[in-house]
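Listed below, chain by chain, are the residues.
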Amino acid sequence: MYYQTQQVPTLVVPSILVLGVLAALLMLARPTPVDQLDPWWPALVVTGTCLADTAVRYGLDHGGRTAGTVAIVVLYLGTGAVAMLGGARSSRVGFVALLAVHAVLILVDLRVHPQLIDVQVFLDEGVDALLHGVNPYSITMPNIFDPERTARLYGPGVVQDGRIHYGFPYLPAPLFLDVPGRLLGDVRYVHLAALLATAVLVRHLATDRTGRAMAVLLVSAPVSRVVVNAYWIEPLLGLLLALTVWSLARRRPGWAGIALGLLLASKQYLVVAVPSLASAWRGHGRKALFATVATAVLVVLPFFALDPVGFWRSVVQWQFVQPFRNDSMSLLPGLADAFGELPGWFVSGPSLVLGLLVSGLVAWRTRPGPTALALGVGLSLLVTVLFSKQAFPNYFYFAGAALILAVTTWPQDEPRRQTCAPLSQGSRGSRDIVATR
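In this text, all values refer to a predicted model and were calculated from it rather than measured experimentally.

**Quick notes on the environment of K389**
Here's step 1: Turning to its location among the elements, K389 is positioned in the loop between α19 (370–386) and α20 (393–409).
Here's step 2: Its relative accessible area of 14% is what places K389 among the buried residues.
Here's step 3: The spacing of K389 and G64 is 325 residues in sequence and 40 Å in space, taken between C-alpha atoms.
Here's step 4: Ignoring sequence-local partners within four residues, the contact set of K389 consists of Q319, F320, Q322, P323, F324, R325, S328, L332 and V347.

Structure, rendered in structure tokens:
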């Protein structure tokens, strides 16, 4: 959740994250020394670092004079600290206050930091087409970039005569979800609401102080601010995953299936997580599976039926013609710097295979439940992104949100099939009793 820009040297952070994925898979395979650690302390360090960083950035950006900067920093840090460290009642009040402060500051961001990004074009044009009864996969869209940047961002033949000759490049669920924001003048209003709602669900799922810290981390992580401001749709995906996890934890398979179906109908990269999604279906039977499939089909099928060629070009072909980006936050730019031009098969192939492999391993090594589902989504997407030709902060936000959900639900939903009791339960408490609120 902290990784929000390409770092120099380019191999360091992606390599650390790959090692983190391997360590997580090892932890699922057998007990490790990590089981003896109290998760509260790393949660406190990571969340505290993010709180401080985001508070200072907001203060410097919007505080004006010194007094204003100090006021913003103290207010943001104070509400976040109370949300993490306060008693039952004061912690809830602090969390609500943190959400309110964060929302106000992001709304200011939207006005004073305009973005030039094609995602805005995709969403605005797509939602407008939907509202006017036009298939968003049959349209073309204006290109907002100069020729030099166009050549770097888009593959051959994508832009002709100043227009992008592809339709809406994502699956259709975000089009429906973003309608209220478009009617209000900015789709990012919906994305901000989704971010805040996801944090509320994480907080509601939390049964210990580590879980409360995870709710604060979701809001205060620097990448959360970047993702909303840049129009990316991942806050919507994070909310749908959180709704799925919450519904599974509350034993509501029908609602979980609907949320999961909308999630699958949102963005193409979720195909790598399908093996781990079986955790929802294995644990809750045919009802969850039927609701998932029915929802996804109802959302996607009408657009495909109206224009199969346009849908295929926009949703599938577009992904393959996009070029390798040397500013991607993956392993590939660092490997290219170290070894020269990478072969085409390596740029396009391993990410999908590795994502499916990790997703399958998580599904195999865990018992069905909301934690296994979130863990599989987070780890499979993370490894996919780390080997992708295009990887940016939005992908890491969603992978981070999934892992935050897994950490939050772990105490009451231990996902490993065979575990040894840790020497120190720390803040997790008993793992064989489902906590109630």
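**Let's talk about unusual backbone geometry**
Here's step 1: Its identity is not glycine, yet D161 carries a phi of approximately 55 degrees, on the positive side.
Here's step 2: Residue position: D161 is located in the loop between β2 (159–160) and β3 (163–164).
Here's step 3: On the accessibility criterion, D161 (81% relative accessible area) is exposed.
Here's step 4: A positive phi angle, near 75 degrees, is found at Y231, a position not held by glycine.

**Details of the sheet that holds β3**
Here's step 1: Strand order in the open sheet formed by three strands is β1-β3-β2, with antiparallel pairing between adjacent strands. Because the sheet does not close on itself, it has two edges, and the strands there are β1 (141–142) and β2.
Here's step 2: Pairing between β1 and β3: two bridges, direction antiparallel. Bridge pairing links P142 to R163 in β3.

**Let's talk about the nonpolar core**
Here's step 1: Ranked by size, the top nonpolar core spans 133 residues in total, and within it Y76 and F398 carry the most contacts.
Here's step 2: Discounting residues that sit within four places of it in the chain, Y76 has contacts with L51, T54, A55, Y58, L98, V101, H102, L105, V219 and S220.

**Some words on the packing of aromatic side chains**
Here's step 1: Per the stated rule, a full pass over the model turns up 16 aromatic pairs.
Here's step 2: Considering the side-chain rings of F122 and W318, the 5.8 Å spacing of their centres and the 90 degrees angle between planes classify their relative orientation as edge-to-face. Placement of the pair is F122 in helix α5 (residues 118–131) and W318 in helix α15 (residues 308–321), with a sequence separation of 196 residues.
Here's step 3: Given the relative accessible area of 6%, W318 is considered buried.

**Some remarks on the confidence of the model for the chain**
Here's step 1: Per-residue pLDDT for the chain averages 91, and the proportion of residues at 70 or more is 95%.
Here's step 2: In this model residues 420–437 is a low-confidence stretch, pLDDT under 50, and it forms 34 contacts with partners more than four residues away in sequence or in other chains.

**Considering the packing of helix α3 (residues 66–85) against helix α4 (residues 88–112)**
Here's step 1: Axis separation between α3 and α4 bottoms out at 7 Å; the angle between their running directions is 145 degrees. The handedness of the crossing between α3 and α4 is left-handed. Contacts between α3 and α4 involve I72, L75, Y76, T79, G80, V82 and A83 from the former and S90, S91, G94, F95, A97, L98, V101, H102 and L105 from the latter.
Here's step 2: Split into classes, the residues belonging to the contact of α3 with α4 amount to 10 nonpolar, six polar and no charged.

**Notes on the packing of helix α12 (residues 234–249) against α20**
Here's step 1: One way to put it is that α12 packs onto α20 with a least axis distance of 9 Å and a crossing angle of 20 degrees. Classified by the interaxial angle, the pair formed by α12 and α20 is roughly parallel. Viewed along their axes, α12 and α20 form a crossing whose handedness is right-handed. Facing α12, whose interface residues are E234, P235, L237, G238, L241, A242 and V245, α20 presents N394, Y395, Y397, F398, A402, L405 and T409.
Here's step 2: Residues of the contact of α12 with α20, tallied by class, amount to 10 nonpolar, three polar and one charged.

Parameters and conventions
- Residues numbered from 1 in each chain as written.
- Predicted model: local features only at pLDDT ≥ 70, side-chain atom pairs only at ≥ 80, totals over all residues.
- Heavy atoms only, no water.
- Helix = DSSP H or I, 4+ residues; strand = E, 2+ residues; numbered from the N terminus.
- Buried < 20%, exposed > 50% of the residue type's maximum accessible area, 1.4 Å probe, protein only.
- Contact = heavy atoms within 4.5 Å.
- Pairing = 2+ DSSP bridges.
- Core = buried A, V, L, I, M, F, W, Y, C linked by side-chain atoms within 4.5 Å.
- Phe/Tyr/Trp six-rings, centres within 6.5 Å; stacked < 30°, edge-to-face > 60°.
- pLDDT = per-residue confidence, 0-100.
- Axes fitted to C-alpha atoms, helices over the stretch in contact; angles between N-to-C directions.
- Left-handed = near helix turned anticlockwise from the far one by under 90°.
- Nonpolar A, V, L, I, M, F, W, Y, C, P; charged D, E, K, R; others polar.
- Parallel < 35°, antiparallel > 145°, perpendicular 65-115°, else oblique.

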